[in-house]
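Spelled out, the chains give:
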Amino acid sequence: LPATCGDGWAHERREAVDGDGKTTGYPASCAEYKASTGAGADDEYWLYIDNKASMPLLVYCHGMSGGRPREYVTMRGDTNYIRWSLENEGRTHMHHFDKVRVT
């Protein structure tokens, strides 16, 4: 079923299946997505919070070719960072994030 999110992103809804081929709702994890579609490439995929079709989330799946794929949210823009300073250095450090692991 094709769908478009409020921000204009289009995605294809896919129902997840378990090891016996039974439908379990929409995939909520990269492992469920891989099992239901056979996807083996690390990429962004539409997953669904609590397996609900009404709650899509674009997630980067890493490790799809292995047995334990992991979920990461891609951070868009230049506003996702951590800034810290050490008293003895007298300067500020900054690190920008591209992805955040979902656990």
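Calculation criteria
Residues numbered from 1 in each chain as written. Predicted model: local features only at pLDDT ≥ 70, side-chain atom pairs only at ≥ 80, totals over all residues. Heavy atoms only, no water. Helix = DSSP H or I, 4+ residues; strand = E, 2+ residues; numbered from the N terminus. Buried < 20%, exposed > 50% of the residue type's maximum accessible area, 1.4 Å probe, protein only. Contact = heavy atoms within 4.5 Å. Areas by Shrake-Rupley, 256 points an atom, 1.4 Å probe, with all protein chains shown as cover. Disulfide = S-S within 2.5 Å. Lys, Arg positive; Asp, Glu negative; His and termini not counted. Salt bridge = Lys/Arg side-chain N within 4 Å of Asp/Glu carboxyl O. Polar contact = N/O pair within 3.5 Å; in protein donor to acceptor, adjacent residues only side chain to side chain.

Check the secondary structure of the protein chain and you find one helix and 10 strands. Expressed as a percentage of its 103 residues, the buried residues of the protein chain come to 25%. Considering only residue pairs separated by 6 or more positions, the protein chain has 33% of its internal contacts joining residues 24 or more positions apart. Surface accessibility of the protein chain: about 7000 Å² in total, with carbon and sulfur atoms responsible for 48%.

A word on the state of the cysteines. Per the stated rule, a full pass over the model turns up one disulfide. Covalently, Cys30 is tied to Cys61 through a disulfide, its sulfur atoms 2.0 Å apart. Judged by the sign of its S-S torsion, about -85°, the bond between Cys30 and Cys61 is left-handed. Of this pair, Cys30 sits in helix H1 (residues 30-37) while Cys61 sits in strand S6 (residues 56-62); the two residues are 31 residues apart in sequence, bridging distant segments of the chain. Of the two residues, Cys30 and Cys61, neither departs from the other in class, the shared state being buried.

Looking at the secondary structure, you find Glu71 in strand S7 (residues 70-74). For the buried Glu71, no salt bridge exists, and the shortest N-O distance to an oppositely charged side chain is 4.2 Å, to Arg101. A polar atom in the side chain of Glu71 sits 2.7 Å from the backbone nitrogen of Cys30. Glu71 has contacts with Ser29, Cys30, Ala31, Leu47, Val59, Tyr60, Val100, Arg101 and Val102, leaving out every residue within four places of it along the chain.

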